[in-house]
Each structure stands twice: as structure tokens, then as C-alpha cells.
Amino acid sequence: MSGGRILVVDDDPQIRRTMKATLTARHYEVSDSRNGEEALDRLRSEPYDLVLLDMNMPGTGGIETCQLIRSRSDVAIIMLTVNNTERDKVEALDAGADDYVTKPFSMPELLARIRATLRRLPQGPDEAALQQLTLEGVEIDLPSRQVTVRGRTSRLTAKEFDLLSYFLIRSNKTIAHRELLQAVWGPDYGDELEYLRVFVNRLRKKIEPDPSKPRFLVTDAWAGYRFHLPH
Amino acid sequence: MITSVESNIHSSSEGILQKTGRLTTRLLLALSLVASITFVFFRLIHLNATSVGFCYLVAILVIATVGGLTEATVSSVVATLCFNFFFFPPIGTFTIADPKNWVALFAFLATALTASQLSDRLKQQRKDALDRRREMERLYALSRAILLTDTAQPTAKQIAHQIANAFECPAIALYDRNTREVYLAGPEAFSDIDAIDTKLRESAIQSSVLREGDEILITPIRLGGEPIGSLALTHASLSDAALQSLLNLVAVGLEKARVQDEVNRAQVARQSEELKSTLLDAIAHEFKTPLTSIKAVTTDLLSNPEESLSQQQRGLVTIADEGVDRLDRLVTEAIQLARIEGGKFQLNRGIHFPSSLLSIALRQTKSVTDGRNVKLQEADDLPPVFVDAELIVLMIAHLIDNAVKYSRPRSPILISADASEKGVIIHVADQGPGISEDEQIRIFEKFYRGSSGQHLKGTGMGLAIAREIIRAHGGEIWVKSSPEKGSEFSFSLPVAPEGGAE
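Residues numbered from 1 in each chain as written. Chains lettered and ligands numbered in written order. Predicted model: local features only at pLDDT ≥ 70, side-chain atom pairs only at ≥ 80, totals over all residues.

## Digging into the overall build of chain A
Turning to step 1, where the next piece is worked out: Of the regular secondary structure elements, chain A holds 9 helices and 12 strands.
Turning to step 2, where the next piece is worked out: Here chain A holds 231 residues, and the buried ones make up 40% of them.
Turning to step 3, where the next piece is worked out: In chain A, once contacts between residues fewer than 6 apart in sequence are set aside, the share between residues at least 24 apart is 58%. (Helix = DSSP H or I, 4+ residues; strand = E, 2+ residues; numbered from the N terminus. Buried ≥ 20, exposed ≤ 12 C-beta atoms within 10 Å, placed from the backbone. Contact = placed C-beta atoms within 7 Å.)

Encoded structure:
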């Protein structure tokens, strides 16, 4: 049984070969592309669960490819890069990536990240109640992962959806950074504050009428975040 | 340019002869005018003496306006004599019968001379005004030329040429104190260029006006009272005001060149810095790409179930895996080192928990701390810090590496973090031989190596660089040590601002 369909996008043939061999052995279905253009073509014709995207590629670079993929699909994306700076991480996540792994990485680490990215929040009994939600002109349709603000509809990626669901179930309660990271990304996470910052900002852009002055998804300095649900 | 110089040469060698010739001609013309008036009124038209006198005056005014003071004065005297001889009775003699006529004659002479003088002064003023205008035009041309200097040649050289052009100077030497060069211009050469060179430098240093022979003036160029160069001019027929304006213009021109030069140099430095960082990125990419494949393979093999590899195979793959880690760290450190040693490194700051920085550093140094008792002690509720995570992790890893290297095998290493008013303090302590007091100061100097560490191989990441990193963060680094008890390195990190903590 397949663990999921993965597209490896890297200009280095050796990395593509290694990834194909190791990931196939772990029961993933793996295809590969040499560059961003090829990857976009493949994504148009075949469905994938996850894209492993190299950041430094000639031609359409990793960041641009990531933005292009994100503009038409909510497939999970993990960026791979040799740089480990804060700026690069934020740039990758801002472009729409779900996670970020620094080269060289160990295979168990990458597999853990893949599992965490593909991991879905288990559907609790509370979630059934949260089918549709209308808050002050903002419509959140959870089953179809669609949000409509002032007539503008956008789709949430899987991770954004999980994060939002987690918030909604615990609305009006402050949730600590670590709890959020471990619940949504997995037990190996907890220190990656930049993930939360970027994902919360991404959510705010989709659900807040004015993302710079959030009314629903508010920051509780030092402590965490809180979803403010008006009664 | 050359033609004007030729005319200059002519005027100097044959000028006097020509001038005398021209004066004689003008004198003859003036006198013939006086003679004609005398002839007309004596022989052809008979008028009273007063009318004739006026006619003489008109003629003298014309002579003074067209000619010069000499012709007008000579004509005045001659006209007075003629007036007396031909028109005052007794006619035909220089004697005057009526004393009233003496008065008239002297009044006539005085009027004629005064008119000549006034007219001449007017002419002189007009000439001065014309000269001034010409100077102004030349200064204007020069100022335009200075503004439009290009970068193909040194600006001072172009300015020297422009002065020679605009003021028709046979020879110019301009000394620019900034470049310490003398630039020559003009169609002629200085006869003793070495003397000029010396005096130019002297003038620029002493800020004083000097002379070389009769014709060469050497004057300092000042900007805000400070001499920034000097200028030597031959045949400087400039008014003082024009010379001062010229010097001011040159000063502005030289200053403009200096500033431009500085801007260019800064730009070149910035571009080379950018090039360096692009190059380092490319190197990082080139080295890390093959390492990625190897690391993926070794870790994949090692993560397979126990029975898939024999004991010996597992051992060999572990060696390869550790080798990859070491290479990766070396490449990362070499690149960081190059980045920091460039002097101008930018911090890539973000908000991080001290615990995550410590755990990453411990993960990175796993291969060296293997088999050592490493204890981690963190105070509760440490606030997040605002740091360049990559650099700080590198630093902690380096301190751990040092602690392992400079202490006995199997002795414990304690890593701890606590909060103080200085920020979050991280300590790395070992139970090694310790560091003597005078060494404690010197270990933060560049290229210093502890006396006990001569035989150890280093990664090149010195404590001096660790100190640079901490200083850039606005923190402090220090060491506490006592012989045979061990050393403790500590550094402070700034706490993240409350507003930025999300």
C-alpha cells in the first residue's frame, strides 16, 4: 500500500536518484522533475500528495516554483535548501511551503517531516459541529476548506486548515506555541516559532477582513495565540 | 589656442615698435584735424573767435574719444597755439593785445585738457568693464567645464587644461594634495619644472602665495581655510577678484572629484562584498549537494532494521556518516568564517528559544561528545532571545567542541542557561586543566592558542570570532577558570522585545 505520492524536484540527478531509491523503499510512490517548469507540468497532469522542492534551482527557482504551485494547488510542499538562515526559512514558508529541511539531512529526519506534513488532525467529535461558520461577514466552510471574506473566496492548505480547526475547537482560549506546533505538526516540533508566525500570518490573510489588525486570530504576547469567537 | 598664443608672443617681441608707430599715426591724424579746422576758418569761412574756439573743442573731444589721452593733450596745446596765432588780434603773432583774450585762451586750454581727460577716463572704464566681462565669461566657461569633467582622466588634469584654455595661459601646473600629483597644461612648458614642483607642494602645505621669477605666480587652493592643492600660472593677467574666483572654482572642482572618488570606492567595496557573498553561497551549494546524497544514503542504511546490515557493515557506514557530518560542519564553519572575517557581516536575527538553540548545537556536536557525560541544565521559563540562530548555534557548538578538546576523556561537561539582567546567559563548563590568569585575557585574541592545545586540530573558529559574534549582538563573553578545576565560558544574549514575541 502506498504511503503517498511524492514529486521530487531537484536539478541534481544524484539527489533525485537517492530520493527515489530511499523513498520508494519506504512505500512512497515517487516521481521526479529536473526543474520548476517540468514540476508544474507534472502537477497539472497527475495528482500528488507532497512535493519535495529544492530551493536553489536554475531557471524558475524554488521560491518562484513554490508560489506558482501554491497559486493553483494545495498540495503539501517541503522545501529543501543548503541555507539555514532565518530569512531563508521565512521566505520558503511565506512562499507557501509547509515545511523546510536543511541539506544535508538524515533520512529519518526527512521521513519524519514528510509524515508530519502529510499528517492530518484526527477528526474529533467537536469538529462535526463546526461545519459552517459565519462571523461578521467571514464565511468559513470547513468541509470544502473554503473561506470567503467580503466576497473573495480562498482555499486553505491542509496545514492551514488543521491549524484553523485546532483554533476553532478551542476558541477564546490562549493556546501556547509549543502545544500548537506539537498538535498540528507533530510531537517532534515545539521550537519552530517562525513556522507559527508565518502560518498564522497566512491564515490571517485568508480569514481576517484586515490582516494587519486581526480581530479573530489574536496574539497573546509571550503566551501564544487565541481565536476570538464573538458570541 | 595656439594662434592666440602666437599673437601674445608677437605683442611681446615687436609690441613696442608697433605701438610707437600706431601712436605717431594717430598723432599725425589728430594734428591734421586741428590744422584743417585752422585752415578752414582762417581762409575760407570767417567766424568770430568764440565760434572757432567751440569748433576746436569739438575736434578735441572727437580726438579724445577715438584716440587716447596723449593725442588729445598734444592737440589741445597745438589748438591753443593756433587759436592764439590765427584768431586773436594781433593776428599772426603769439602776443595778445586784449587781456580779456588771455582769460578766454586759458579757459579754452583748461576746457580742452579737462575734456580730454574725462573722455579718456570714460574710455578706460569701458575697457575695464569689457575686461571684467571677459574674465566673467572665462570663469563661467571654466565652471561649466569643471562641472562636466568626465571620469576618463583625473579631474585635476582636466581642470588644468580647462584653465589653460579659458584664460589662454601659456603654462599651468596644478597640484592636487589628495592624489599628490602635479598636472601640467598649456602649450608651453615651464623652464624649471622641478623648482615649480617643489614650490607647488610648499605652497599647498604652507598655504602661502609664492613667486618663481617675474612671470610665474604660485598660489594655494583653499577649501574652508584648508589648503587642498596649489596652482602655478604664467603671465597671470588676471584681476585679484578673478584669480580668487578661479581658485574657488578649482577648489570646488577638486573637492567634487575627491567626493566622487570616495563614493566610487565605497561602491566597488560594496560590489566586491556582494560578489563574495554570492561566491560563498555558490560554494556552499556545490559542496552540500553531494553531501546531501551521501548523508541520505548513510542515514537510510543505518535506520534500516538491525538485521539488514551485519555488525561490520553497520560500523563502516557509521564511519562514512560521521565523515559526512564533519565535512558538513567544516564547510559551514569555513563559510561562516569567511562571512565574519570580511568584517561587515549582517546578523540574520530572529526570535528563538534558548532551549532550541542548545538542542541544535548538541545535535551538531554529537559525534565529538559521544561517550562524554554532557549535562544540560536550563532555568525554567527562559524568555526567547533575539539572535542570529545560525551564528549562535555555531558558537555554542564551538564552545562544546573546545570543552571536549581541552579536558580529560570521560570528564563531565555542563551546559546551562539562566536569565539575568544582562539577558539570557549560556555557560559551557568543563573540568579540564583550567586556564592561567594571563591566558584568560589572551585567549580571545586572534590566532591565540592555549598552551595545552598545541597538538589539537581546530576548525578555525577562534574565540576571537566568537567574541565578534557576541559583540555584534550587543552581548558579552567571558571566562572563569581556576587551575585543575576547569573552565567555564559564558556569554549573554539579548532577550527578544516583548512586542515581537508571538
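Moving on from the model shown.
## Remarks on the overall build of chain B
Turning to step 1, where the next piece is worked out: For chain B, the count of helices and strands is 14 helices and 12 strands.
Turning to step 2, where the next piece is worked out: Counting every position in chain B, which comprises 502 residues, the buried fraction comes to 31%.
Turning to step 3, where the next piece is worked out: Partitioning the intrachain contacts of chain B with sequence separation of at least 6 by distance along the chain shows that 65% fall at a separation of at least 24.

## Remarks on the sheet that holds strand β1 (residues 5–9) of chain A
All names here are of chain A.
Turning to step 1, where the next piece is worked out: Ordered by their spatial adjacency, 5 strands build an open sheet running β2-β1-β3-β4-β5, and the pairing between neighbours is parallel. The sheet is open, and its two borders are formed by β2 (29–33) and β5 (99–102), each paired with just one other strand. Across the sheet, the mean angle from the axis of one strand to that of its neighbour is 20 degrees, orientation sign disregarded.
Turning to step 2, where the next piece is worked out: When β1 meets β2, the two strands line up parallel, connected through 5 bridges. (Pairing = 2+ DSSP bridges. Axes fitted to C-alpha atoms, helices over the stretch in contact; angles between N-to-C directions.)

## A few points about the packing of helix α3 (residues 49–66) of chain B against helix α5 (residues 99–147) of chain B
All names here are of chain B.
Turning to step 1, where the next piece is worked out: Interaxial distance between α3 and α5 falls to 8 Å at its minimum, and their mutual angle equals 25 degrees. Put simply, α3 runs roughly parallel to α5. For the pair α3 and α5, the crossing hand works out as right-handed. Within the contact between the two elements, α3 uses Gly53, Leu57, Ile60, Leu61, Ala64 and Thr65 and α5 uses Phe108, Thr111, Ala112, Ala115, Ser116, Ser119 and Asp120.
Turning to step 2, where the next piece is worked out: Across the contact of α3 with α5, the residue classes tally to 7 nonpolar, 5 polar and 1 charged. (Parallel < 35°, antiparallel > 145°, perpendicular 65-115°, else oblique. Left-handed = near helix turned anticlockwise from the far one by under 90°. Nonpolar A, V, L, I, M, F, W, Y, C, P; charged D, E, K, R; others polar.)

## Focus: unusual backbone geometry
Turning to step 1, where the next piece is worked out: Looking along the chain, the bond that leaves A:Lys103 and enters A:Pro104 is cis, with omega of -10 degrees.
Turning to step 2, where the next piece is worked out: Mapping A:Pro104 onto the fold places it in the loop between β5 and α5 (107–118).
Turning to step 3, where the next piece is worked out: Non-glycine residue B:Arg180 carries a positive phi angle of around 60 degrees.
Turning to step 4, where the next piece is worked out: With respect to the helices and strands, B:Arg180 occurs in the loop between β1 (172–176) and β2 (181–185).
Turning to step 5, where the next piece is worked out: Owing to 10 C-beta atoms within 10 Å, B:Arg180 belongs among the exposed residues under this scheme.

## Observations regarding the pairing of β1(B)
Residues and elements named next belong to chain B.
Turning to step 1, where the next piece is worked out: Of all the 5 residues making up β1, 5 are buried; the element is thus mostly covered by neighbouring parts of the structure.
Turning to step 2, where the next piece is worked out: Burial along β1 is two-sided: the residues Ile172, Leu174 and Asp176 and Ala173 and Tyr175 are all buried.
Turning to step 3, where the next piece is worked out: Across 5 bridges, β1 lies against strand β5 (residues 226–234) in antiparallel orientation. By the bridge assignment for β5, Tyr175 is matched with Ser230.

## Regarding the interface of chain A and chain B
Turning to step 1, where the next piece is worked out: The partner chain B presents 29 residues to the 25 residues of chain A that form the contact.
Turning to step 2, where the next piece is worked out: Looking at the side of chain A that touches chain B, the elements with two or more residues in it are α1 (13–25), α4 (86–94), α5 and α9 (193–207) of chain A.
Turning to step 3, where the next piece is worked out: The residue inventory of the side of chain A that touches chain B, partitioned by class, reads 10 nonpolar, 8 polar and 7 charged.

## Observations concerning α3(B)
Residues and elements named next belong to chain B.
Turning to step 1, where the next piece is worked out: In this model α3 runs 26 Å from its N-terminal to its C-terminal C-alpha over 18 residues, within 8% of the 26 Å that 1.5 Å per residue would give.
Turning to step 2, where the next piece is worked out: Val52, Gly53, Tyr56, Ala59, Ile60, Ile63 and Ala64 are the residues of α3 that are buried. Viewed along the axis of α3, the buried residues span an arc of 135 degrees, placing them on a single side of the element. Turned more than 90 degrees away from the buried face of α3 sit Thr50, Phe54 and Val58, all of them exposed. (Expected span 1.5 Å × (residues − 1). Arc of directions from axis to C-beta.)

## What about the confidence of the model for chain B?
All names here are of chain B.
Turning to step 1, where the next piece is worked out: Residues with a pLDDT of 70 or more make up 91% of chain B, whose mean pLDDT is 82.
Turning to step 2, where the next piece is worked out: The least confident element of chain B, judged by mean pLDDT, is helix α1 (residues 2–13) at 41; the most confident is strand β10 (residues 423–430) at 93.
Turning to step 3, where the next piece is worked out: Contacts of residues 1–12 to residues separated by more than four positions or lying in other chains number 6 contacts, the stretch itself having pLDDT below 50.
Turning to step 4, where the next piece is worked out: In the predicted assembly, ipTM is 0.80 and pTM is 0.57. (pLDDT = per-residue confidence, 0-100.)

## Side note on the pairing of β10(B)
Residue and element names in this part refer to chain B.
Turning to step 1, where the next piece is worked out: Taken across its 8 residues, β10 has 7 buried, putting it largely inside the fold.
Turning to step 2, where the next piece is worked out: Across 8 bridges, strand β9 (residues 413–420) lies against β10 in antiparallel orientation. Residue pairing in the sheet places Ala419 in a bridge with Val424 of β10.
Turning to step 3, where the next piece is worked out: As consecutive antiparallel partners, β9 and β10 are separated by 2 residues.
Turning to step 4, where the next piece is worked out: Looking at chain direction, β10 and strand β12 (residues 486–493) are connected through 6 bridges and run antiparallel. Residue pairing in the sheet places Ile426 in a bridge with Phe491 of β12.

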